[in-house]
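Report on the structure
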Amino acid sequence: MLEVRWHGRGGQGAVTSVELLALAAIGEGRFAQGFASFGPERRGAPVAAFNRVDDKRIKRRCVIASPDVVVVLDESLIGLVNVTEGLKPDGVLVVNTARPASDIRKTLNYQGKLATVDASTIALQELGTPITNTTMLGAVIKATRVVKLASVAEPLEHRFGLIAARNQKALQRAYDEVKIA
């Protein structure tokens, strides 16, 4: 089972990313969960969301404390939230940043697998807004191979309708531009 924890801010689309990933996995005939953990937070407050994907039925219904993958939608959360807490030693950290991976490693004292992409710039260029949910989903898919990139097309179309093509382009660019070290 692959377990993913997403860190973002209210309004950035972490919950949408979780939903899209779960639907893509289900579309491939796998089992998936997607859920968020937040209370009465306001737009901009830190939020966490979670995915589980497996080839067999998932019976766990608890928050993910020891993820295989951690996704950071907003770099400003680094230092505010312990984003690497519980990340498995062989896990992967996926960060939205324009900074070099070496800076992120130093800041977090992190030596594991790291994927970085400037999702904010991609989102601004492709969507006209810095909402990085679909952009970061592309980076996650490349870094983990959890689902096929094509499997996200139908959930994107259903969720975004007329702007699905722009979201697909942002997702593809992040998939192509993510750096994995």
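Data block above holds the structure.
Residues numbered from 1 in each chain as written. Predicted model: local features only at pLDDT ≥ 70, side-chain atom pairs only at ≥ 80, totals over all residues. Heavy atoms only, no water.

The next subject is the packing of aromatic side chains. Applying the stated criterion across every chain, the model contains one aromatic pair. Judged by centre distance (5.3 Å) and plane angle (25°), the ring pair of Phe 35 and Phe 50 falls under stacked. One end of the pair, Phe 35, is in strand 2 (residues 31-37); the other, Phe 50, is in strand 3 (residues 46-54), with 15 residues separating them in the sequence. Given a relative accessible area of 23%, Phe 35 falls into the partly exposed group. Judged by its relative accessible area of 3%, Phe 50 is buried. Here Lys 142 stacks its cationic end above the ring of Tyr 175, 4.8 Å away from the centre of that ring. Over the face of the ring belonging to Phe 160 we find Arg 159, whose NZ or CZ atom lies 5.5 Å from the ring centre. (Phe/Tyr/Trp six-rings, centres within 6.5 Å; stacked < 30°, edge-to-face > 60°. Helix = DSSP H or I, 4+ residues; strand = E, 2+ residues; numbered from the N terminus. Buried < 20%, exposed > 50% of the residue type's maximum accessible area, 1.4 Å probe, protein only. Lys NZ or Arg CZ within 6 Å of the ring centre and 35° of its normal.)

Under the definition given, this model contains eleven salt bridges. For Arg 173, the salt bridge is made with Glu 177, and the minimal N-O distance between the two is 2.8 Å. Placement of both Arg 173 and Glu 177 in helix 6 (residues 164-177) is noted, with a separation of four residues, approximately one turn of the helix. The exposure class of Glu 177 is partly exposed, given its relative accessible area of 39%. Each of Glu 126, Lys 169, Arg 173 and Glu 177 takes part in salt bridges that share partners, so that together they form one network. (Salt bridge = Lys/Arg side-chain N within 4 Å of Asp/Glu carboxyl O.)

For the rest of this paragraph, the subject is helix 3 (residues 119-127). Residues separated by three or four positions in an α-helix point in the same direction, a consequence of the helix having 3.6 residues per turn. Residues of helix 3 that are buried include every one of Ala 119, Ile 122, Ala 123, Glu 126 and Leu 127, and no others. What you see down the axis of helix 3 is that its buried residues fit within an arc of 100°, all on one side. The elements touched by buried residues of helix 3 are strand 5 (92-96), strand 6 (113-117), helix 4 (133-144) and helix 6. (Arc of directions from axis to C-beta. Contact = heavy atoms within 4.5 Å.)

Attention now moves to the nonpolar core. Grouped together as the largest cluster of nonpolar side chains are 40 residues, with contacts concentrated most on Trp 6, Val 94, Val 117, Met 136, Leu 137, Val 147 and Val 152. The residues touching Val 147, leaving out its near neighbours within four places in the chain, are Leu 21, Ala 24, Ala 25, Glu 28, Arg 30, Ile 141 and Val 152. One finds Val 70, Leu 93, Val 95 and Tyr 110 within the second-largest nonpolar core, a separate group that totals eleven residues. (Core = buried A, V, L, I, M, F, W, Y, C linked by side-chain atoms within 4.5 Å.)

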